[in-house]
Amino acid sequence: MYRLGLSRKRIAELVRVHPAVVGYHLVIARRREPELEAEHQAAAGARTSLSPRSLARMEEVIAWISAEGRLPRGHAENRGERSMARWLSERRREAAEGILDPAYRDGLARVPEWAGKHRAAAGEARWHDRLAQLVEFRHEGHDWPRHHDYDSEREHTLGVWIHAQRYKRRRGDLDPTRIRLLDEAVPGWQAGRTRGRPPRR
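So, here is what we can say about the structure in this document. (Residues numbered from 1 in each chain as written. Predicted model: local features only at pLDDT ≥ 70, side-chain atom pairs only at ≥ 80, totals over all residues. Heavy atoms only, no water.)

1. Focus on the nonpolar core
For soluble globular proteins, nonpolar side chains are generally found buried alongside one another.
Step number 1: Judged by nonpolar contacts, the single largest core of 22 residues is most densely connected at Leu131, Leu182, Val186 and Trp189.
Step number 2: Looking at this core, the elements with two or more residues in it are helix 2 (19-32), helix 7 (118-139), helix 8 (153-171) and helix 9 (176-185).
Step number 3: When near neighbours in sequence (up to four residues on either side) are disregarded, Leu131 contacts Tyr24, Trp161, Leu181, Leu182, Ala185 and Val186.
Step number 4: Formed by 15 residues, the second largest nonpolar core is a distinct cluster that contains Met58, Ile62, Met84 and Ala103. (Core = buried A, V, L, I, M, F, W, Y, C linked by side-chain atoms within 4.5 Å. Buried < 20%, exposed > 50% of the residue type's maximum accessible area, 1.4 Å probe, protein only. Helix = DSSP H or I, 4+ residues; strand = E, 2+ residues; numbered from the N terminus. Contact = heavy atoms within 4.5 Å.)

Dropping the structure here:
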């Protein structure tokens, strides 16, 4: 479905799972088939469903950014500027979820600064990538990765990551969506290793 140009959100709707679940499977698929992303983009480019009005709004926002030399502010006094800031915020959300329409993606590429909080988006993408790597590690038949006494750098990286997720979960700092994704993708992640543990007294 991804190869045919369907978005992550649309695939999730069709198979009735959370979009992030589709996302981590796509990370694995793209690693195994490097050409997959190009095929998706090519197919998606012909699938835009944006109305002329939506495209005109995008052009209006791009023209404003080009003329002002900055992004619109959400706290501006001018109502039109605030509206454009909200519009861009919605596009950023769609980009982070992998559902940004190709026409928006290509048009907004003319003003690269529009993406704004790229660090947060990069962190989110990195989290999903680590989850996909952990799924792959477990599917290969390995026990839970260790952050001490590890056998490889790969195990160490994943061990540190899952240890951090468990720590955040115990403190109540782990986002509920991430807890659900971990529960669905790698059941038993909270307990971790049981083999080789000394018995409790």
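2. Observations concerning the packing of aromatic side chains
Ring pairs (aromatic) are described by centroid distance and by the angle formed between their planes.
Step number 1: Enumeration over the complete set of coordinates arrives at two aromatic pairs.
Step number 2: Measuring from centroid to centroid gives 5.3 Å for Trp87 and Tyr104, while their planes differ by 90°, and the two rings are edge-to-face. Of the two residues, Trp87 is situated in helix 5 (residues 79-97) and Tyr104 in helix 6 (residues 102-108); the sequence distance between them amounts to 17 residues.
Step number 3: Taking relative accessible area as the criterion, Tyr104 reaches 7% and is therefore assigned buried.
Step number 4: The ring of Trp87 is capped by Arg91, whose NZ or CZ atom sits 4.8 Å from the centre of that ring. (Phe/Tyr/Trp six-rings, centres within 6.5 Å; stacked < 30°, edge-to-face > 60°. Lys NZ or Arg CZ within 6 Å of the ring centre and 35° of its normal.)

3. Brief notes about unusual backbone geometry
Step number 1: Even without glycine at this site, Arg16 takes up a positive phi of about 60°.
Step number 2: Along the chain, Arg16 falls in the loop between helix 1 (8-15) and helix 2.
Step number 3: Owing to a relative accessible area of 76%, Arg16 belongs among the exposed residues under this scheme.
Step number 4: With a phi angle near 55°, Asp149 is a residue other than glycine that sits in the positive phi range.
Step number 5: Among the structural elements, Asp149 can be located in the loop between helix 7 and helix 8.
Step number 6: Judged by relative accessible area, Asp149 falls into the exposed class, the value being 68%.

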